[in-house]
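Secondary and tertiary structure notes
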Number of protein chains: 2
Amino acid sequence: MQISGEHRRILVVDDEPQITRVLRTTLSSQGYDIRTASDGESALETFHDWSPHLVITDLAMPNLDGVGLCRKLREKSQVPIIVLSVRGQERNKVEALDAGADDYVTKPFGMNELLARVRAHLRRVVPEEKQEQAIAVGDFSLDPEARRVLVRGEEVRLTPKEFEVLSYLLRHAGKAVTHRALLAAVWGANSTEQPEYLRVFVGQLRKKIEADPANPKYLLTEPWVGYRFEPGE
Amino acid sequence: MQISGEHRRILVVDDEPQITRVLRTTLSSQGYDIRTASDGESALETFHDWSPHLVITDLAMPNLDGVGLCRKLREKSQVPIIVLSVRGQERNKVEALDAGADDYVTKPFGMNELLARVRAHLRRVVPEEKQEQAIAVGDFSLDPEARRVLVRGEEVRLTPKEFEVLSYLLRHAGKAVTHRALLAAVWGANSTEQPEYLRVFVGQLRKKIEADPANPKYLLTEPWVGYRFEPGE
DNA sequence: AAGAGGTTCATAAAAAGTTTGTAAAAGCGC
DNA sequence: GCGCTTTTACAAACTTTTTATGAACCTCTT
């Protein structure tokens, strides 16, 4: 498991199942999330649904070939594209690269080389597009980019851990959140057996966001289960 | 002559004069500006003086080899690097790519392929103008060309590093900027583990731009995360 | 139905561990 | 030498973790 590769999504496009299978296996083992497509058209669909960070594609495919796929992708996206092909002739390479591909690797290729090229291209991808979107529920709004929380229009200063706890609760507003889930989300999957933290931090949060911390209106406890966040109407 | 290649500067590094000569000729004919260096050390010098848009380098060189050159360049720069080498073994490729190279082409290579790869990498280079635009937020305005900053109409003298720090913060005004991001932007991607710089420079900046440096109004600290620039209304 | 025993929850506060602001010394390049 | 950057040091401020205590709650027994 490597930090820089975590959660990066790679779309593999090839009409030969044995190729996609081996790529899926190898890339998955490096910690990447993989989806595959067997032709250009379905690749475009998956691309739009899933927004991968990198595309690896074959050249010869039904429906829409590799060069066509590159052109289509480039109309909308800057995603790095690596073309894999058995055709090693220079004009094929030039055509693909000029169509928008970033790299051209000739089959058969060494898997370590491909992985290194994948790393090289992913390095350039803007670090972690913030998947975190602003949330607004009831009297609360939370902006992860600015790292700010507003309660009834007032800004509330939160420490990092408080922020993460509240963030998780807001994202699951209205639902009962188990101790385990909350602990795992904020403290990591390891410390799921220490609910003392939660009591302390929930207490702190209530002091900061509740009008009457002793009789919480938003941050309710769900006995024997966990907590539940109830946004004001 | 092609439009996309106009005025782009390419640094060619190789200790064999016949290689640099043919590359210079070919690349020049495509409208690129070329300089050459015959070893890693002088390549670094030329790089700093000339800020090329792309570097093409051999692997085997006196003084500082291709891999070392990649590492050195990556400390400060995101410039695309294409490595040319007679060594076609996979571990050479992996080593170079992981050292920061973006592409690895084995000699002998087709010139059209190389040109296509050059075009592919140059496509990704951010057009300079984008980074050089003036910014004005709240009480601040910053002119990158003149390297001047005005706070409430008053000019403030800043050192180069101070300027870059403030520039980055202004470009992300209102958002929490992580230590990592700020360090990477100003000191290069390698020095992301030295937040001491930031403390010092933020302190300097506050002295220069805040009315009361001890109680900052603009340059706020976001504890455990980084800093946030809040423009005056 | 009431009470004992055990568990969970809330709160406060002490202890431990980090981070931040600041000053100043050392290093570097022109 | 001079100005800028880097390094070092340390106290102050802050966050997180740990600990303690009492109240509230459930279960089981009588």
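**Regarding the nonpolar core**
All names here are of chain B. Counting residues in hydrophobic clusters, the biggest one holds 27 residues, and the most contacted among them are Leu166, Leu169, Leu182, Leu219 and Phe229. Contributing elements (two or more residues each) for this core: β7 (140-143), β8 (148-151), α7 (160-171), α8 (179-187), α9 (196-209) and β12 (226-229). The leading source of residues in this core is α7, at six residues. In contact with Leu182, other than residues within four places in its own chain, are Val165, Tyr168, Leu169, Val177, Trp187 and Leu198. Formed by 26 residues, the second largest nonpolar core is a distinct cluster that contains Ala37, Val67, Leu69 and Ala96.

**Some points on the protein's contact with DNA strand D**
Lining the immediate environment of DNA strand D, one finds 17 residues, of which Thr159(A), Trp187(A), Thr159(B), Trp187(B) and Tyr197(B) sit closest. The protein-proximal atoms of DNA strand D, defined as those within 4 Å of the protein, are 87% sugar or phosphate. Side-chain polar atom of Tyr197(B) to a phosphate oxygen of DNA strand D: 2.5 Å apart, as the coordinates give it. Sorting the residues of the surface near DNA strand D by element identifies α6 (160-171) and α8 (196-209) of chain A together with α7 and α9 of chain B as the ones contributing at least two each. No other element matches α9(B), which puts four residues into the surface near DNA strand D.

**Focus: unusual backbone geometry**
Residues and elements named next belong to chain A. Cis geometry marks the peptide bond from Lys107 to Pro108; its omega dihedral reads -5 degrees. Secondary-structure assignment places Pro108 in the loop between β5 (103-106) and α5 (111-124). In this structure, Ser51 is a non-glycine residue whose phi angle is positive, near 45 degrees. Here Ser51 lies in the loop between α2 (40-50) and β3 (54-58).

**A closer look at the protein's contact with DNA strand C**
Taken together, 17 residues sit near DNA strand C, with Thr221(A), Tyr227(A), Arg206(B), Thr221(B) and Tyr227(B) positioned nearest. In the interface set of DNA strand C, defined as its atoms within 4 Å of the protein, sugar plus phosphate atoms amount to 59%. Here a phosphate oxygen of DNA strand C sits 3.0 Å away from a polar atom, N or O, in the side chain of Arg206(A). Contact distances for DNA strand C include 2.9 Å between a phosphate oxygen and a side-chain N or O atom of Tyr227(B). Listing elements by their share of the surface near DNA strand C, those giving two or more residues are α8 of chain A together with α9 of chain B. Looking at the surface near DNA strand C, its residues break down into seven nonpolar, four polar and six charged.

**Considerations on the interface of chain A and chain B**
One frequently used descriptor of interface size is the decrease in accessible area upon assembly of the parts. On the chain B side, the residues contacting the 31 residues of chain A number 34 residues. Summed over both sides, the interface between chain A and chain B buries roughly 2700 Å², with carbon and sulfur atoms accounting for 42% of that surface. The largest contributions to the chain A side of the interface with chain B come from Glu90(A), Arg123(A) and Arg124(A), which together make up 21% of the buried area. Counting every contact that joins chain A to chain B gives ten salt bridges. Glu155(A) serves as the salt-bridge partner of Arg228(B), at 4.0 Å between the closest nitrogen and oxygen. Scanning the region where chain A abuts chain B turns up 26 residue pairs in polar contact (both at pLDDT 80 or more).

**Digging into helix α4 (residues 90-98) of chain A**
Along α4(A), the residues classified as buried are Asn92(A), Lys93(A), Val94(A), Ala96(A) and Leu97(A). On its buried side, α4(A) packs onto α3 (66-76), β4 (81-85) and β5 of chain A together with α5 (111-124) of chain B. The positive-phi residue at the C-terminal boundary of α4(A) is Gly100(A), with phi of around 125 degrees.

**A closer look at the domain arrangement of chain A**
Segmentation of chain A into domains returns domain 1 (9-125) and domain 2 (135-229). Taken over C-alpha atoms, the centre of domain 1 of chain A sits 42 Å from the centre of domain 2 of chain A.

**A word on the sheet that holds β4(A)**
Each strand in a sheet pairs with another by means of backbone hydrogen bonds, the pair being arranged parallel or else antiparallel. Residues and elements named next belong to chain A. The sheet built from five strands is open, its strands ordered β2-β1-β3-β4-β5 with parallel pairing. Only two strands of the sheet have a single neighbouring strand rather than two, namely β2 (33-37) and β5. Along the sheet, successive strands turn relative to each other by an average axial angle of 20 degrees, direction set aside. Sheet topology places β3 next to β4; four bridges connect them, and they run parallel. Bridging across to β4, Thr57 finds its partner in Val83. Sitting on the sheet, α2 is in contact with β1 (9-13), β2 and β3, with an inclination near 170 degrees to β1.

**Points about the environment of Glu41(B)**
Residue and element names in this part refer to chain B. Summarising the element assignment, Glu41 is placed in helix α2 (residues 40-50). Given a relative accessible area of 40%, Glu41 falls into the partly exposed group. Non-local contacts of Glu41, meaning those with residues more than four positions away in its chain, are made with Asn63 and Leu64.

**Some words on the pattern of salt bridges**
When the charged atoms of two side chains with opposite charge come close together, those side chains can pair. This structure, assessed with the given rule, holds 30 salt bridges over all chains. Measuring nitrogen to oxygen at the nearest pair gives 2.8 Å for the salt bridge that ties Arg74(A) to Asp102(A). On the criterion of sequence distance, the pair formed by Arg74(A) in helix α3 and Asp102(A) in the loop between α4 and β5 is long-range, its members being 28 residues apart. Note that Arg124(B) is salt-bridged to Asp102(A), the shortest N-O span being 2.8 Å.

About the criteria used
- Residues numbered from 1 in each chain as written.
- Chains lettered and ligands numbered in written order.
- Predicted model: local features only at pLDDT ≥ 70, side-chain atom pairs only at ≥ 80, totals over all residues.
- Heavy atoms only, no water.
- Core = buried A, V, L, I, M, F, W, Y, C linked by side-chain atoms within 4.5 Å.
- Buried < 20%, exposed > 50% of the residue type's maximum accessible area, 1.4 Å probe, protein only.
- Helix = DSSP H or I, 4+ residues; strand = E, 2+ residues; numbered from the N terminus.
- Contact = heavy atoms within 4.5 Å.
- Near = heavy atom within 4 Å.
- Polar contact = N/O pair within 3.5 Å; in protein donor to acceptor, adjacent residues only side chain to side chain.
- Nonpolar A, V, L, I, M, F, W, Y, C, P; charged D, E, K, R; others polar.
- Buried area = accessible area lost by both parts, 1.4 Å probe.
- Salt bridge = Lys/Arg side-chain N within 4 Å of Asp/Glu carboxyl O.
- Domains from an automatic or database assignment.
- Pairing = 2+ DSSP bridges.
- Axes fitted to C-alpha atoms, helices over the stretch in contact; angles between N-to-C directions.

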